[in-house]
Amino acid sequence: MEENFAVMVPARDTEKVRSKLQSRGLLDRNRKLVSRIVAGENFVEIPVTDVVSGYEVKRQEQPQFYRQQMSLKKRLTGKMNPEELEIIPSGWQILGNIIVVTIPEKIMYRGVEIAEELLNMYPSCDTVIRDLGINGSLRQPKRQLVSGNTTETIHKENGCYFKLDVTEVMYSKGNLREKNRMSKLGGGETVVDMFAGIGYFSLPMAVHSQPEQIYSIELNQISFGYLKDNVILNNVQHIVQTLHGNCAEVTPKGVADRVIMGYVGGTADYLPAAIGALSKKGGILHFHEALAENLMFDRPIGQIKKAAKRQGRNVEIMECRSIKKYSPGVWHVVVDARIW
């Protein structure tokens, strides 16, 4: 689904922030500013074209457009029968100049027509990709080209550039609050980013917080290639050192002030390497996992404490957060722990 971002600012700061966003080319001129009252205080949502570092960013549930956008279903009314319209996609994701959409198999024979209308809705896009899910432990996407000539793009988010092939590499525009939060951490530190992918956490942290050093580790060969490209694309090669291989084997030992474990699905198996990466004085661990609701947050806390105890270390749980629903009854969660 296209995501309509906005920054939330006190009403008194509206014009100052709006002008600043406009000068940076981040103001979305298609949507109206919306006033909100939060805890008795007046705030304004200023629509932006991308996640903006340094502000509270939210996803607008009911954006107000200057010109009402016609839905895909309405655009295809009269061109398709009622049964087809009933299962027309209602949401999609835009990555760079590519639209990624789930088209049900029952109406895939209408795929070209659906793609044409989507491209009419988004003139800056020139490619439509059908999403068919995710394969394997490396979370490789299963996707096919519907319209267009290339599956590679450069997506901009939070002031960073991410080059990727959307048929080869996963990119989720979710977790916005977590990614934005992490981009503000790590200043002057040595950071180990396990399961770095194409740089989802490493790049924003390097660009905005400028740690002393980030070790970015990725096993998937294709993702690792894009990670190296993106380090150069964002001009942070003086901060980010890329390491190819299994995190259990190539994670550096005893160097880190902060370790990011931004992977879900068996993450606990890598806790020995993550805790071992922390320096003798200790540091912060960001532990991601997908858990059934009845296991939140006792299981990950127990796993962290058990792994730390085996290395003779202490644990202080700083914060536990639910990020998003991963699947029915399962949540993506993050536990922040101080270990020394």
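Residues numbered from 1 in each chain as written. Predicted model: local features only at pLDDT ≥ 70, side-chain atom pairs only at ≥ 80, totals over all residues. Heavy atoms only, no water.

1. Re the overall build of the chain
If you tally the helices and strands in the chain, you get 10 helices and 17 strands. Seen through its C-alpha atoms, the chain measures out along the principal axes to roughly 70 × 50 × 45 Å. Residues counted as buried form 50% of the 340 residues belonging to the chain. Contacts in the chain between residues at least 24 apart in sequence constitute 63% of all its contacts with a sequence separation of at least 6. As presented, the chain carries roughly 16700 Å² of accessible surface, and 48% of it is formed by carbon and sulfur atoms. Averaging the positions of the 44 positive and the 38 negative side-chain charges in the chain gives two centres separated by 4 Å. (Helix = DSSP H or I, 4+ residues; strand = E, 2+ residues; numbered from the N terminus. Buried < 20%, exposed > 50% of the residue type's maximum accessible area, 1.4 Å probe, protein only. Contact = heavy atoms within 4.5 Å. Areas by Shrake-Rupley, 256 points an atom, 1.4 Å probe, with all protein chains shown as cover. Lys, Arg positive; Asp, Glu negative; His and termini not counted. Charge placed at Lys NZ, Arg CZ, Asp CG, Glu CD.)

2. Overview of empty space enclosed by the protein
Summed over all chains, the structure comprises one cavity of 30 Å³ or more. Lining the largest cavity are Val 51, Glu 157, Asn 158, Leu 176, Lys 179, Asn 180 and Pro 204. Tallying contributions element by element places helix α5 (residues 176-182) first for the lining of the largest cavity, with three residues. (1 Å grid on protein atoms, 1.4 Å probe; cavity = no way out; pocket = protein on both sides within 12 Å on 5 of 7 lines; lining within 4 Å. Points joined across faces, edges and corners; volume = space filled by probe spheres on them.)

3. Overview of a nonpolar patch on the surface
A grouping of Ile 154, Tyr 161 and Leu 233 is seen on the molecular surface, where their side chains present a nonpolar patch of about 260 Å² in accessible area. Mapped onto the elements, Ile 154 comes out in strand β9 (residues 152-157). (Patch = residues over 30% accessible without salt bridge, like charges linked within 9 Å, V, L, I, M, F, W, Y side chains within 5 Å. Salt bridge = Lys/Arg side-chain N within 4 Å of Asp/Glu carboxyl O.)

4. A closer look at the side chain of Asp 28
Its location among the elements puts Asp 28 in the loop between α1 (14-23) and β2 (34-38). A polar contact is formed between the side chain of Asp 28 and the side chain of Arg 31, at a distance of 3.0 Å. (Polar contact = N/O pair within 3.5 Å; in protein donor to acceptor, adjacent residues only side chain to side chain.)

5. Looking at the UniProt feature "binding site: S-adenosyl-L-methionine" (unreviewed entry) in the chain
According to UniProt, the feature "binding site: S-adenosyl-L-methionine" (unreviewed entry) maps to Ser 172, Lys 179 and Glu 218 in the numbering used here. The annotated residues that sit in the lining of the largest cavity are Lys 179. Turning to its location among the elements, Ser 172 is positioned in the loop between β10 (160-165) and α5. Given the relative accessible area of 28%, Ser 172 is considered partly exposed. Tracing the chain through its elements places Glu 218 in strand β12 (residues 213-218). Sequence-distant contacts of Glu 218, defined by excluding residues within four places in its chain, comprise Phe 195, Ala 196, Gly 197, Ser 223, Phe 224, Leu 227, Leu 243, His 244 and Gly 245. (UniProt positions renumbered as here; feature names shortened; annotations may be inferred.)

6. Overview of unusual backbone geometry
Cis geometry is adopted by the peptide bond preceding Phe 297, which originates at Met 296 and carries an omega value of -5°. Within the secondary structure, Phe 297 sits in the loop between β15 (283-292) and α10 (298-310). Non-glycine residue Asn 235 carries a positive phi angle of around 55°. You can see Asn 235 is positioned in the loop between α7 (221-233) and β13 (240-244). Take Asn 235: its relative accessible area is 53%, and that puts it in the exposed class.

7. Details of the domain arrangement of the chain
Partitioning the chain into domains gives domain 1 (5-59), domain 2 (72-150) and domain 3 (175-339). Using C-alpha coordinates to define each centre, domain 2 is positioned 33 Å away from domain 3. (Domains from an automatic or database assignment.)

8. Overview of the pairing of strand β11 (residues 190-194)
In regular strands, side chains alternate between the two faces of the sheet. Within β11, five of the five residues are buried, which leaves it mostly tucked inside the rest of the structure. Burial along β11 is two-sided: Thr 190, Val 192 and Met 194 facing one way and Val 191 and Asp 193 facing the other are all buried. Where β11 meets β12, four bridges bridge the pair, whose relative direction is parallel. The residue bridging Val 192 from the neighbouring strand is Tyr 215, located in β12. Note that the unit made of β11, helix α6 (residues 202-208) and β12 has a crossover that is right-handed. Where β11 and strand β14 (residues 258-261) come together, four bridges link them in parallel fashion. Each bridged residue has a counterpart across the sheet, and for Asp 193 the counterpart in β14 is Ile 260. (Pairing = 2+ DSSP bridges. Right-handed = clockwise from strand over helix to strand, strands pointing away.)

9. Brief notes about the sheet that holds strand β16 (residues 315-327)
Judged by pairing direction, the sheet is mixed, and its seven strands sit side by side in the order β13-β12-β11-β14-β15-β17-β16 without closing on themselves. Edge positions in the sheet fall to β13 and β16, since each has one partner strand and no second. Ignoring which end each strand starts from, the neighbouring axes of this sheet average 15° apart. Relative to β13, α7 is tilted by about 165°, and along the sheet it contacts β12 and β13. Sheet strands touched by α10: β15, β16 and β17 (330-339). Its angle to β15, the strand with the most contacts, is close to 135°. (Axes fitted to C-alpha atoms, helices over the stretch in contact; angles between N-to-C directions.)

10. Section: the nonpolar core
Val 192, Met 194, Val 259, Met 261, Leu 285, Ile 304 and Ile 339 are the most contacted members of the largest nonpolar core, which has 30 residues in total. Those elements that place two or more of their residues in this core are β11, β12, β14, α9 (271-277), β15, α10 and β17. Non-local contacts of Met 261, meaning those with residues more than four positions away in its chain, are made with Met 194, Phe 195, Thr 267, Tyr 270, Leu 271, Ala 274, Leu 285, His 286, Phe 287 and His 288. In terms of nonpolar packing, the next biggest core, distinct from the first, is built from 27 residues, Val 100, Ala 196, Ala 206 and Tyr 226 among them. (Core = buried A, V, L, I, M, F, W, Y, C linked by side-chain atoms within 4.5 Å.)

11. Quick look at the pattern of salt bridges
In the structure shown here, the tally under the stated rule is 20 salt bridges. Measuring nitrogen to oxygen at the nearest pair gives 2.9 Å for the salt bridge that ties Glu 113 to Arg 110. Linking Arg 321 and Asp 336 is a salt bridge whose minimum nitrogen-to-oxygen distance equals 2.7 Å. Of this pair, Arg 321 sits in strand β16 while Asp 336 is found in strand β17, placing the two residues 15 residues apart along the sequence. Both residues of the pair, Arg 321 and Asp 336, count as buried.

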